[in-house]
Amino acid sequence: MFTLIPQSRYRPMPWKSGRGTTAEILVSPGGASLAALDFDYRLSMAPICEDGPFSPFPGFSRILLPIKGAGFVLNGHPYATYEIAHFDGSEPTHCALLKKEVTDLGLIYDPARIKANARVLNLPFSLSLTLEPVNTYLVVLLDGTLEAGGHELQSGDTLSISGEPALALTCQKRATLAFFTLQPCG
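Residues numbered from 1 in each chain as written. Predicted model: local features only at pLDDT ≥ 70, side-chain atom pairs only at ≥ 80, totals over all residues. Heavy atoms only, no water.

A.B. asks: Explain the packing of aromatic side chains residue by residue, including any values.
C.D. replies: Evaluation of the coordinates by the stated rule reveals 4 aromatic pairs. For the pair tyrosine 137 and phenylalanine 179, a centre-to-centre distance of 5.6 Å together with 35° between the ring planes defines the contact as tilted. In this pair, tyrosine 137 is assigned in strand 14 (residues 136-144) and phenylalanine 179 in strand 19 (residues 175-184), connecting sequence segments 42 residues apart. With respect to burial, tyrosine 137 and phenylalanine 179 carry one shared label: buried. (Phe/Tyr/Trp six-rings, centres within 6.5 Å; stacked < 30°, edge-to-face > 60°. Helix = DSSP H or I, 4+ residues; strand = E, 2+ residues; numbered from the N terminus. Buried < 20%, exposed > 50% of the residue type's maximum accessible area, 1.4 Å probe, protein only.)

Structure, rendered in structure tokens:
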């Protein structure tokens with residue numbers, strides 16, 4: 001199943017710390033909440049306007065990448081635009097901006113239920129990918145235009161894919177996308 005989530009349907013929500021706002025793209029299972037921490041995974045996008053600590057998410061793992069701006073430093077390690085950070089949501093994490101405001105794309109997931117990874121793909125041409133139908137895949141278009149799974153994606157849109165054996169990605173020029181693979185544990 002291919003489900004398009006246009007950027008216009010992202011839900012604005014306050015950060016757990018109350019110091020900012022995030023755009024929640026998708027939470028699974030549906031009806032789970034950030035307050036209850038009863039989700040398997042949550043994908044969101046947020047501007048980071050100032051240096052400071054990240055909210056703790058005990059028992060969860062995180063994947064984070066800057067998608068706009070110069071990047072940031074997490075606990076002393078710099079991450080440039082599109083460079084992917086993996087870290088434990090239980091550990092204290094401090095973020096320092098490299099220059100000005102940064103927009104990040106983040107996945108918070110329960111590692112007891114989900115194994116997750118992410119890649120940034122720069123497509124100069126169309127591509128067909130073989131998928132494992134037991135996995136869930138999330139495609140977030142970061143730049144350009146893309147046709148995927150019979151849907152036209154504009155920059156900022158997300159496509160959720162589950163139960164599919166393949167994915168055709170068609171771009172007219174160049175497209176940059178974040179590609180998340182979510183594999184159930186056990």
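So that's the structure; there's more coming.
A.B. asks: Summarise the nonpolar core; cite the residues concerned and give the values.
C.D. replies: Leu105, Leu107 and Phe180 are the most contacted members of the largest nonpolar core, which has 23 residues in total. When near neighbours in sequence (up to four residues on either side) are disregarded, leucine 107 contacts Tyr41, Arg42, Leu43, Ser61, Arg62, Ile63, Ala116, Leu138, Phe180 and Leu182. Ranked by size, the runner-up nonpolar core spans 18 residues in total, among them Leu131, Leu169, Ala175 and Phe179. (Core = buried A, V, L, I, M, F, W, Y, C linked by side-chain atoms within 4.5 Å. Contact = heavy atoms within 4.5 Å.)

A.B. asks: Tell me about the pattern of salt bridges, residues and numbers included.
C.D. replies: Summed over the entire model, instances satisfying the criterion amount to 4 salt bridges. A salt bridge links aspartate 40 to arginine 113; its shortest N-O distance comes to 2.5 Å. Within this pair, whereas aspartate 40 is found in the loop between strand 3 (21-28) and strand 4 (41-48), its partner arginine 113 is found in the loop between strand 11 (102-109) and strand 12 (114-123), the two being separated by 73 residues in sequence. Overall, arginine 113 belongs to the partly exposed group, its relative accessible area being 36%. Look at the salt bridges and you will find they share partners, linking Arg11, Glu24 and Arg42 into a network. (Salt bridge = Lys/Arg side-chain N within 4 Å of Asp/Glu carboxyl O.)

A.B. asks: Describe the pairing of strand 11, listing the residues and the values that go with them.
C.D. replies: Within strand 11, 8 of the 8 residues are buried, which leaves the element mostly enclosed by the surrounding structure. Of the two faces of strand 11, the one lined by Val102, Asp104, Gly106 and Ile108 and the one lined by Thr103, Leu105, Leu107 and Tyr109 are each fully buried. Taken together, the 8 bridges between strand 4 and strand 11 define a ladder with antiparallel strand orientation. Each bridged residue has a counterpart across the sheet, and for leucine 43 the counterpart in strand 11 is leucine 107. Note that strand 6 (residues 61-68) and strand 11 share 7 bridges and pair antiparallel. Paired with arginine 62 across the two strands is isoleucine 108, which belongs to strand 11. (Pairing = 2+ DSSP bridges.)

A.B. asks: Can you tell me about empty space enclosed by the protein, naming the residues and giving the values?
C.D. replies: Counted under the stated rule, the structure contains 2 cavities of 30 Å³ or more. Counted as a void, the largest cavity has a volume near 280 Å³. If you go around the largest cavity, you meet 21 residues; those closest to its centre are Trp15, Thr22, Phe57, Arg62 and Ile108. Here the lining of the largest cavity is built from residues that sort into 12 nonpolar, 5 polar and 4 charged. Every residue lining the second largest cavity is counted, 10 residues in all, and those nearest its centre are Trp15, Arg19, Glu50, Gly52 and Pro53. Taken together, the residues of the lining of the second largest cavity break down into 5 nonpolar, 2 polar and 3 charged. (1 Å grid on protein atoms, 1.4 Å probe; cavity = no way out; pocket = protein on both sides within 12 Å on 5 of 7 lines; lining within 4 Å. Points joined across faces, edges and corners; volume = space filled by probe spheres on them. Nonpolar A, V, L, I, M, F, W, Y, C, P; charged D, E, K, R; others polar.)

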